[in-house]
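Observations on chain architecture
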Amino acid sequence: MSLRKFISNKTMAALAVLVTVFANTSAFAQEAAAGAAAAAPKQIDMVPIYKSVAFYTMLFLLLCLFIAIVGKAIRVYELTREAQDKPDSINWNTVNGVIFVLFLIAGLFGVYFEYTVHGHMLLPDAASEHGKKIDSMFNITLILTTIVFIGTHIALFLFSFFYRNTGKRKAYYYPHNNALERIWTIVPALVLTVLVLMGFLTWRSIFYKIEDPNNKPLSIEITSQQFQWTLRYPGADGIVGLKNYKLITGTNGLGMDFKDKNNLDDQNADEMVIPVNKPVRLIITSKDVVHSVYMPHFRVQLNSVPGMTSYFEFTPTITSEEMKTKVNDPAFQYLLYCSKICGSGHYNMKKVIRVVSQAEYEAWVLKQPKFINNDLRKEFNLPLVPDAAAPAAAPADSTATPAKDSSAVAMNKPALKK
């Protein structure tokens, strides 16, 4: 056998590849076994390696190398057949058609997997009246797009398989069809029109409500800044007072105009507490950059823009305690997030939201402090009030002698005059 025939022989080439792979695998296994035996007493934590970027980069490069080696081996095989004046043994059109079918099966399984395993992670349970409308609209859109996605991909991949080039038929020249043009223009236009109208009507129902005089909304002002939220409740009058950015000082962080009497009873809160089944009207402003008020369970998301006041009204329908039972999580909390990447402390912009009964809300709001203090009263030339935090004078000791009592009174007289 000549050297050329020996090299081009298929059996010999296959054996050479198998011997090489077996030798490398055996050597690697022996080295791994020896290393495992030597390091048996010491446990190695591989978790940090699996979490590193370098590990997955190396895996990707090894995969690319493997594909390149297989491609080169196939190319050598083809050149060998050409040197032997033999016809092509691999029908690449069939190979590509089969790969299309395999990708179709894998893709359909991926869709099934995402819906069954990750589907519940799309949106949390809606806890507001308009949230049900948004979820309904979202689900209809998702179902329609999923049907179209699956249908078009089945047609695309199977078309590529069944109409692959076999050398036995000629492609049919089919440049135009008016009926098809009308179908794939009119049908999507009608579907999109219905979806757009649904969105428009849902938007109007949220932002253009008719106010019920017997159930007026609770107004809460949310002011955003890097990197915190400031909540302002309207106080007993139910009206949030005016503010002006020109009035912002070290003591008046919101720029509240205390010449407006509606500001005098406005209250500050560390958490947002709202009564269930009562409309809540958010007044949204920003002190520095664009933030975004995001309350996923209430389906609330609206930008907070400097120099502009935005409004969003919603009605909570599930209390915090009821939601804890519903999701079976005793530590559950409604949260207010910022959904804009507003700077390095963006991740820290959170506020706890508690939905409670009307009685619980009324008891809670009475305990919240007012914004105005004596420093602000001096700044706006308003009457000062006694400091509620100052300790009360100690009561007179009934067992003390009259001389001590009279001296104590005498010592306190100047203070009382002040």
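Check the entry above for the structure.
Let us look at unusual backbone geometry. Omega for the peptide link from Q226 to F227 comes to 0°, which places this bond in the cis form. Secondary-structure assignment places F227 in the loop between β1 (218–225) and β2 (228–233). Backbone geometry at N277 places phi at a positive 60°, although glycine is not the residue there. Checked against the element boundaries, N277 lands in the loop between β4 (272–275) and β5 (280–286). We classify N277 as partly exposed; its relative accessible area is 48%.

On the surface, I140, L144, Y172, Y174, L180, I183, W184, V187 and V191 cluster together into a nonpolar patch covering about 900 Å² of accessible area. Taken together, the elements giving at least two residues each to the nonpolar patch come down to α6 (129–162) and α7 (178–207). Among the elements that make up the nonpolar patch, the one with the highest residue count is α7 (5 residues). Along the chain, Y172 turns up in the loop between α6 and α7.

Enumeration according to the criterion identifies 0 disulfides in this entry. There is no disulfide at C338, and the cysteine sulfur nearest it, in C342, is 3.9 Å away. Overall, C338 belongs to the buried group, its relative accessible area being 6%.

Counted by the stated rule, this structure contains 6 salt bridges. Residue E221 is joined to R232 by a salt bridge in which the shortest nitrogen-to-oxygen separation is 2.9 Å. Remark: R232 occurs in strand β2 and E221 occurs in strand β1; sequence separation between them is 11 residues. Judged by relative accessible area, E221 falls into the buried class, the value being 4%. The exposure class assigned to R232 is buried, which follows from its relative accessible area of 0%.

This part takes up the packing of helix α5 (residues 92–117) against α6. In the contact formed by α5 and α6, the axes pass within 8 Å of each other and the chain directions differ by 165°. Our classification of the angle between α5 and α6 gives roughly antiparallel. The interaxial crossing formed by α5 with α6 has left-handed handedness. Taking contact as the criterion, the partners of G97, V98, F100, V101, F103, L104, L108, V111 and Y115 in α5 are, on α6, L142, T146, F149, I150, H153, I154, F157, L158, S160 and F161. Looking at side-chain class alone, the contact of α5 with α6 contains 15 nonpolar, 4 polar and no charged residues.

Rules of the game
Just so you know, the residues in each chain are numbered from 1, in the order the chain's sequence is written. A pLDDT threshold of at least 70 governs which residues receive local features in this predicted model, and a stricter bar of 80 or more applies before side-chain atom pairs are shown or counted, although totals over entire chains, interfaces and linings include all residues. In computing side-chain values, all of the structure's heavy atoms are included and hydrogens and water are not. Under the DSSP-based scheme used, a helix requires at least four consecutive residues in state H or I and a strand at least two consecutive residues in state E, with every element numbered from the N terminus. The classification of residues rests on relative accessible area computed with a 1.4 Å probe and restricted to protein chains. Under 20% of the type maximum is buried, over 50% is exposed, and intermediate values are partly exposed. Patches here: salt-bridge-free residues with over 30% relative accessible area, like charges joined within 9 Å, nonpolar side chains (Val, Leu, Ile, Met, Phe, Trp, Tyr) joined within 5 Å. What sets the accessible areas is the Shrake-Rupley method with a 1.4 Å probe; for residues, cover comes only from the shown protein chains. Counted as salt bridges are all cases of a side-chain nitrogen of Lys or Arg within 4 Å of a carboxyl oxygen of Asp or Glu. Any cysteine sulfur atom paired with another within 2.5 Å is treated as part of a disulfide. For every element, the axis is a line fit to its C-alpha atoms; helices are fit only across the contacting stretch, and the angle between N-to-C directions ranges from 0 to 180 degrees. Any angle that is under 35 degrees is reported as roughly parallel, and any over 145 degrees as roughly antiparallel; angles of 65 to 115 degrees are reported as roughly perpendicular and all others as oblique. Put simply, a crossing is left-handed when the front helix is turned counterclockwise from the back one by less than a right angle, and right-handed when it is turned clockwise. Pairs of residues are marked as contacts when any of their non-hydrogen atoms sit within 4.5 Å. Residues are sorted three ways: Asp, Glu, Lys and Arg are charged, Ala, Val, Leu, Ile, Met, Phe, Trp, Tyr, Cys and Pro are nonpolar, and all the rest, Gly among them, are polar.

The values are spatial; any link to function lies outside them.
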